[in-house]
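Coordinate inspection notes
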Amino acid sequence: MNEMQKKISEVGVVPVIKLTDPQRDAAPLSDALCAGGVPIAEVTFRAAGADEAIRIMRERHPEMLVGAGTVLTTEQVDRTIAAGGMFIVTPGLDVELVKYCQEKGIVCFPGCTTPTDYHAAYKLGLEVLKFFPAEQSGGLAKIKAMSAPFPMFKVMPTGGVNLKNLAEYSASPIIAACGGSYMCPDKLIQAGAWDEITELCRKSVEIVKEARNK
Ligand code: 3PG
């Protein structure tokens, strides 16, 4: 793991974010995440302007680890890098796209859930994978089963992770960090309920710490 991956793993959670109005929301949202002890954001290309949000967050909080999610194309990788984004998350494993990220020197967390995915990720020399969609693909039981033939990987389960199951995932040494949109739900972003987002982050960090110390 490089320094950034270690830092993400230390915090233990990655907020998955969709911003429809980056000019209005990116700055206060980055403040809210940092205040909650989660200086990390995966800004998804599910909404246009993800790169604009990444740029705003990185300028406001240079210490923040901001990357792009739902990346499907090399053009989105380029836009992320140009905006100062530090990592790429893809829903599936696209070998060409991962190789492109490697050429450009940006960390990629591809979504993997099968032995075939893991094997391809192994050949690409990856160390940390997104496990997506986590709950729907078998959750922690599947992650543990996959770790038997592939003990070299740490994973970031994403998809169906929330405050109720975060402890269970976080307690496993296979887990680098858990991703989830639950920390930044649309409803709270639209309402500008930044304190509530801070609180969700704070609770998440607490749960991760407690689960790891058990
Ligand atoms: C993702 O894009 O990684 C997932 O859709 C996030 O899943 P969640 O909304 O269940 O957290």
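For the structure itself, look to the data block above.
So, a few notes on the structure that sits alongside this text.

The rules behind these values
Residues numbered from 1 in each chain as written. Predicted model: local features only at pLDDT ≥ 70, side-chain atom pairs only at ≥ 80, totals over all residues. Heavy atoms only, no water. Core = buried A, V, L, I, M, F, W, Y, C linked by side-chain atoms within 4.5 Å. Buried < 20%, exposed > 50% of the residue type's maximum accessible area, 1.4 Å probe, protein only. Contact = heavy atoms within 4.5 Å. Helix = DSSP H or I, 4+ residues; strand = E, 2+ residues; numbered from the N terminus. Pairing = 2+ DSSP bridges. Right-handed = clockwise from strand over helix to strand, strands pointing away. Near = heavy atom within 4 Å. Polar contact = N/O pair within 3.5 Å; in protein donor to acceptor, adjacent residues only side chain to side chain. Areas by Shrake-Rupley, 256 points an atom, 1.4 Å probe, with all protein chains shown as cover. Nonpolar A, V, L, I, M, F, W, Y, C, P; charged D, E, K, R; others polar. Axes fitted to C-alpha atoms, helices over the stretch in contact; angles between N-to-C directions. Parallel < 35°, antiparallel > 145°, perpendicular 65-115°, else oblique. Left-handed = near helix turned anticlockwise from the far one by under 90°. Salt bridge = Lys/Arg side-chain N within 4 Å of Asp/Glu carboxyl O. Arc of directions from axis to C-beta.

On to the nonpolar core, then. Of all hydrophobic cores here, the largest spans 77 residues; its most connected members are Ile-8, Leu-29, Leu-33, Met-57, Phe-109, Tyr-118 and Ile-197. Apart from residues no more than four positions distant in its own chain, Met-57 is found in contact with Ile-17, Leu-19, Ala-26, Leu-29, Ser-30, Ala-41, Val-43, Met-64 and Val-66.

Side chains Phe-87 and Val-89 project from strand S4 (residues 87–90) onto one buried face, and the interleaved Ile-88 and Thr-90 project onto a second face that is buried too. For S4 and strand S5 (residues 107–110), the ladder comprises 4 bridges, and the chain directions are parallel. Among the inter-strand pairings, Ile-88 is bridged to a residue of S5, identified as Cys-108. Running through helix H5 (residues 95–104), the crossover from S4 to the neighbouring parallel element S5 is right-handed.

As a matter of local geometry, the ligand sits amid Val-16, Arg-46, Lys-130, Phe-132, Thr-158, Gly-159, Gly-160, Gly-180 and Ser-181. One of the side-chain N or O atoms of Lys-130 is found 2.6 Å from an oxygen atom in the ligand. The separation between an oxygen atom of the ligand and a polar side-chain atom of Ser-181 is 2.5 Å. Within the complex, the protein chains bury 81% of what would otherwise be the 310 Å² of accessible surface of the ligand. Across the shell around the ligand, the residue classes tally to 2 nonpolar, 5 polar and 2 charged.

Following both chains from N to C, one finds helix H4 (residues 74–82) and H5 inclined at 30°, their axes separated by 10 Å at the closest point. By the angle between their axes, H4 is roughly parallel relative to H5. Here H4 and H5 pass one another in a crossing that is right-handed. In this structure, H4 uses Thr-74, Val-77, Asp-78 and Ile-81 to contact H5, whose residues at the interface are Leu-97, Tyr-100, Cys-101 and Lys-104. When the residues that make up the contact of H4 with H5 are grouped by side-chain class, the tally is 5 nonpolar, 1 polar and 2 charged.

This paragraph deals with the pattern of salt bridges. Scanning all chains against the criterion turns up 7 salt bridges. Between Asp-25 and Arg-24 there is a salt bridge, with the nearest N and O atoms lying 2.8 Å from each other. Classification of Arg-24 as partly exposed rests on a relative accessible area of 42%. The salt bridge partner of Arg-79 is Glu-75, with a shortest N-O separation of 3.5 Å.

Following Phe-132, the chain continues into Pro-133 via a peptide bond in cis, with omega recorded as -10°. In this structure, Pro-133 sits in the loop between strand S6 (128–131) and helix H7 (139–147). A positive phi angle is found at Thr-70, which is not glycine, with a value near 50°.

Within the sequence span of helix H1 (residues 3–11), burial applies to Met-4, Gln-5, Ile-8, Ser-9 and Val-11. Viewed along the axis of H1, the buried residues span an arc of 165°, placing them on a single side of the element. Along H1, exposed side chains directed more than 90 degrees from the buried face belong to Glu-3 and Glu-10. Two or three places before Met-4, at the start of H1, stands the capping residue Asn-2, its side-chain oxygen 3.1 Å from that residue's backbone nitrogen. At the exit of H1 stands Gly-12, carrying a positive phi of roughly 90°.

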